Amino acid sequence: MKALIVVDMQKDFVNGSLGTKEAQAIVSKVQKKIEDARAQGKQIIFTRDTHPVNYMETYEGKHLPVEHCIEGSDGWKVDRNLTVDPEKDIVLNKPTFGYLGWKEYDFEEVEMIGLCTDICVISNALIIRAMYPDIDITVDASCCAGVTVETHQAALATMKMCQIQVTNEA
């Protein structure tokens, strides 16, 4: 399978409790990338950061004390400017930074985009690299944003060191 993985492009990360101007700036580029991938016959996979209502009591909540992506909330939903095809696209809820079920997919090639470069994009890229050491994995930096510009750049450099291709297509 050739896949485009759209990481955590959720309202809370775009313009909600953890939103940034950098995240808002990539939304239209992400939508274009999704449309292009569909036209190429790639499988679109969306991940959603998914937390329980008692998030603030969890390990992550104690270290990042900003309530976000509470399952079922408006902020948990994929940004309204992105199209999710409920009949063709895969939507995965993940309770932490990286999804550990990637091995169930038969990836031939993966492209990743989304939020946050320095937390969830890098976590998933490295997990997939470990599970699929012989496939091309690409991250389009123009369709990603980090918590800060500096940590976004640091994450891109780290992924390059781990043989993940980093492009800047926009």
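Draft legend 1. Expanded view of the state of the cysteines. Using the criterion set out here, one finds 0 disulfides in the structure. With no disulfide of its own, Cys144 lies 7.0 Å from the sulfur of Cys143, the closest cysteine sulfur. With no disulfide of its own, Cys162 lies 15 Å from the sulfur of Cys144, the closest cysteine sulfur.

Draft legend 2. Highlighting the pattern of salt bridges. Using the criterion set out here, one finds 9 salt bridges in the structure. A salt bridge links Asp140 to Lys33; the shortest N-O distance between them is 2.9 Å. Here Asp140 is found in strand S5 (residues 136–145), whereas its partner Lys33 is found in helix H2 (residues 21–39), with 107 residues between them in sequence. No difference in accessibility class separates Asp140 from Lys33, as the two residues are buried. In the salt-bridge network here, residues are joined through shared partners; they are Lys33, Lys42, Glu111 and Asp140.

Draft legend 3. Summary view of the sheet that holds strand S1 (residues 2–7). Across the sheet, 6 strands lie side by side as S3-S2-S1-S4-S5-S6; this open sheet has parallel pairing. Each having just a single partner strand, strand S3 (90–94) and strand S6 (165–167) make up the two edges of the open sheet. Going across the sheet, the axis of each strand differs from the next one's by a mean of 25°, ignoring polarity. Sheet topology places S1 next to strand S4 (residues 109–115); 6 bridges connect them, and they run parallel. Residue pairing for S4: Leu4 is matched across the bridge by Glu111. This element, helix H5 (residues 149–161), spans S5 and S6 of the sheet and lies at about 170° to S5.

Criteria and thresholds
Residues numbered from 1 in each chain as written. Predicted model: local features only at pLDDT ≥ 70, side-chain atom pairs only at ≥ 80, totals over all residues. Heavy atoms only, no water. Disulfide = S-S within 2.5 Å. Salt bridge = Lys/Arg side-chain N within 4 Å of Asp/Glu carboxyl O. Helix = DSSP H or I, 4+ residues; strand = E, 2+ residues; numbered from the N terminus. Buried < 20%, exposed > 50% of the residue type's maximum accessible area, 1.4 Å probe, protein only. Pairing = 2+ DSSP bridges. Axes fitted to C-alpha atoms, helices over the stretch in contact; angles between N-to-C directions. Contact = heavy atoms within 4.5 Å.

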